[in-house]
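One-letter residues, chain by chain:
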Amino acid sequence: MRTEARLDLIRGSAARRRHDARTIAALTRNPGCNRRAVLDAAGVDKDGLSRHIGFAAPFGQSQFAIIRGNAFEARVRNDGGTDLLRLLADCLGFDLGPAGSPGVTVLDLGASAEQDGGVRPAAENLADRLDRTVTALRPDPHGIVLVAHPLLALPVGGQDVHLEPDLLVIRPDGQFHVVEIKSFPVVDGQADGEKVAAAAVQAAVYVLALRRMLRAREVVPTVPMMPVVPPATVSHDVVLVCPRDFSNAPLATRVDVRRQLLGLEHQLTRLATIEALLDDLPADLTFDLAAGPDGAPTRPATELTTGLDLLDARYTPDCLSTCELAFRCRHEAAGRTAALGASVREDLGGIDTVTEALDLAHGTRAPAEDQAEAAERLRITARMYAEALAGASHPPGGADG
Ligand code: SF4
């Protein structure tokens, strides 16, 4: 069976969940997790799956945040984006030319998928939209080009994933900038560090996709009717547009995503190809969530859980903020040292369970040859911990000292 057909079977009758920059960023934070790689490639509704098997996790944006985000984006794009353009010009340092000059071309290539909750509209023709984007990706030596809602493609685990940045700015000198409109506020010049970090990784996904598309298709050099076209480069400087302070007024901030790009490229090369993962799975594996007359999935939860057990997971505490299946995987990994995070996994290499680690720390179990070093560290830590506890309960000069 072809890969696409197998992925369709795994997803079943439900609408396909689309990858986006957020899910790719999450996937690359845990590239060793085959469970997520297969479910995401098949477009399985992980949220619905985790709810049906009794491990619903509070995950994703609240409805309130989505509404607030859409209102802010509409506000920013108001008036044909005149304010936004001025902000971007200030932020990126380009000249808009005298008032009324034909120095800016705005191209809107389609509606954002976020409006449909990430489910691909059946009628959408991705190939057409991709072609329109490729045609639009060219600098104009006489002015700025703004491309809204372009569609980009990025191979992930051997499959093309389609992505929708909010906006691209193409400068006359051939430099491209990714622009993302976010609804988290910047108050007194400071924003929530975690949200900025997540937005920077998502923007880096777009930069990477754009670079690869331009390189692969050689878009700019082959554009006809444009004899003098500067070479295209995609800048590592992206722009985040956020609400300023407690208002709805937008603020544009330039963010350097070189570090995020290095991490992404490294992690993407570590993702196993989907074909190789499917080869090890039963041909009839499915996570079909087909609903009955009452709207609830008809499939017994135990069958889905058995299916999940066939997919190797690699739970880390990070999963709690990046994956809908986190509660199920945490439950499964309970008692294992690897579940405590990457640094614990490295420090306790060869010691698989917490019980084993405690026994080694207290000297009630003899370490195997490959555990000797870690066991010694555990014993020292346990001794120091016991001494600290004893010191705390008998402070010098205390009531009983
Ligand atoms: S929660 Fe589970 S499926 Fe999701 S990334 Fe973590 S280990 Fe993988």
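Residues numbered from 1 in each chain as written. Predicted model: local features only at pLDDT ≥ 70, side-chain atom pairs only at ≥ 80, totals over all residues. Heavy atoms only, no water.

As recorded in an unreviewed UniProt entry, the chain goes by the name Secreted protein, listed as coming from Parafrankia colletiae.

Counted according to the given criterion, the structure contains 20 salt bridges. Its salt-bridge partner being Glu376, residue Arg379 comes within 2.9 Å of it at the nearest N-O pair. Of the two residues, Arg379 and Glu376 both sit in helix 17 (residues 372–393), 3 residues apart, roughly one turn of that helix. Taking relative accessible area as the criterion, Glu376 reaches 38% and is therefore assigned partly exposed. Salt bridges here are not isolated pairs; linked through shared partners, they connect Arg35, Asp309, Arg328 and Glu332. (Salt bridge = Lys/Arg side-chain N within 4 Å of Asp/Glu carboxyl O. Helix = DSSP H or I, 4+ residues; strand = E, 2+ residues; numbered from the N terminus. Buried < 20%, exposed > 50% of the residue type's maximum accessible area, 1.4 Å probe, protein only.)

Relative to the elements of secondary structure, Thr286 occurs in the loop between helix 11 (274–279) and helix 12 (301–309). A polar side-chain atom of Thr286 sits 2.7 Å from the main-chain carbonyl oxygen of Leu9. Excluding residues that lie within four positions of it along the chain, Thr286 makes contacts with Leu9, Ile10, Gly12, Arg299 and Leu304. (Polar contact = N/O pair within 3.5 Å; in protein donor to acceptor, adjacent residues only side chain to side chain. Contact = heavy atoms within 4.5 Å.)

Here strand 4 (residues 159–163) lies mainly inside the structure; 4 of its 5 residues are buried. Inspection of the sheet shows strand 3 (residues 152–156) paired to strand 4 by 5 bridges, in the antiparallel sense. The residue bridging Pro155 from the neighbouring strand is Asp160, located in strand 4. Connecting strand 3 to the next strand, strand 4, in antiparallel fashion are 2 residues, including Gly157 with a positive phi near 60°. (Pairing = 2+ DSSP bridges.)

Bringing the site of the ligand into the picture now. Around the ligand, a shell composed of Asn30, Cys33, Arg35, Arg36, Ala313, Arg314, Tyr315, Cys319, Cys323, Leu325, Ala326 and Cys329 is seen. Sorting the residues of the shell around the ligand by element identifies helix 3 (34–42) and helix 14 (326–333) as the ones contributing at least two each. Residue composition of the shell around the ligand, by class: 8 nonpolar, 1 polar and 3 charged. (Near = heavy atom within 4 Å. Nonpolar A, V, L, I, M, F, W, Y, C, P; charged D, E, K, R; others polar.)

So, on to the packing of helix 16 (residues 354–361) against helix 17. Remark: helix 16 packs on helix 17, axes separated minimally by 8 Å, with the N-to-C direction vectors making an angle of 70°. In terms of axis orientation, helix 16 runs roughly perpendicular to helix 17. For the pair helix 16 and helix 17, the sense of crossing is right-handed. Only Ala375, Leu378, Arg379 and Ala382 of helix 17 make contact with helix 16, whose side of the interface consists of Ala357, Leu360 and Ala361. In terms of residue class, the contact of helix 16 with helix 17 is made up of 6 nonpolar, no polar and 1 charged. (Axes fitted to C-alpha atoms, helices over the stretch in contact; angles between N-to-C directions. Parallel < 35°, antiparallel > 145°, perpendicular 65-115°, else oblique. Left-handed = near helix turned anticlockwise from the far one by under 90°.)

This part covers the environment of Val161. Structurally, Val161 is set in strand 4. Counting along the chain gives 141 residues from Val161 to Asp20, while the straight-line C-alpha distance between them is 7.8 Å. The contacts of Val161, once residues within four sequence positions are left out, are His19, Ile24, Leu152, Ala153, Leu154 and Val156.

On the surface, Glu275, Asp279, Asp280 and Asp312 cluster together into a patch of negative charge. Examined against the element boundaries, Asp280 turns out to sit in the loop between helix 11 and helix 12. (Patch = residues over 30% accessible without salt bridge, like charges linked within 9 Å, V, L, I, M, F, W, Y side chains within 5 Å. Areas by Shrake-Rupley, 256 points an atom, 1.4 Å probe, with all protein chains shown as cover. Lys, Arg positive; Asp, Glu negative; His and termini not counted. Charge placed at Lys NZ, Arg CZ, Asp CG, Glu CD.)

This part is about the packing of helix 2 (residues 21–29) against helix 3. At a closest axis distance of 10 Å, the pairing of helix 2 and helix 3 adopts a crossing angle of 160°. Judged on the interaxial angle alone, helix 3 and helix 2 are roughly antiparallel. The two elements helix 2 and helix 3 cross, and the hand of that crossing is left-handed. Along the contact surface, helix 2 presents Thr23, Ala26 and Leu27, while helix 3 presents Arg36, Ala37 and Asp40. Of the residues that constitute the contact of helix 2 with helix 3, the class distribution is 3 nonpolar, 1 polar and 2 charged.

Locating Leu360 in the fold gives a position in helix 16. Separated by 15 residues in sequence, Leu360 and Ala375 place their C-alpha atoms 5.7 Å apart.

This paragraph deals with the side chain of Thr316. Of note, Thr316 is situated in the loop between helix 12 and helix 13 (319–322). In this structure Thr316 comes out as buried when scored by relative accessible area, which is 14%.

What follows deals with the pairing of strand 8 (residues 237–243). Strand 8 sits mainly inside the fold: 7 of its 7 residues count as buried. With 3 bridges connecting them, strand 6 (residues 175–181) and strand 8 associate as parallel partners. Residue pairing for strand 8: Val179 is matched across the bridge by Val239. As judged from the 7 bridges shared by strand 8 and strand 9 (residues 250–256), these two strands associate in the antiparallel manner. Counterpart to Pro243 in the pairing with strand 9 is Pro250. Adjacent in sequence and paired antiparallel, strand 8 and strand 9 are bridged by 6 residues, among which Asp245 carries a positive phi angle near 50°.

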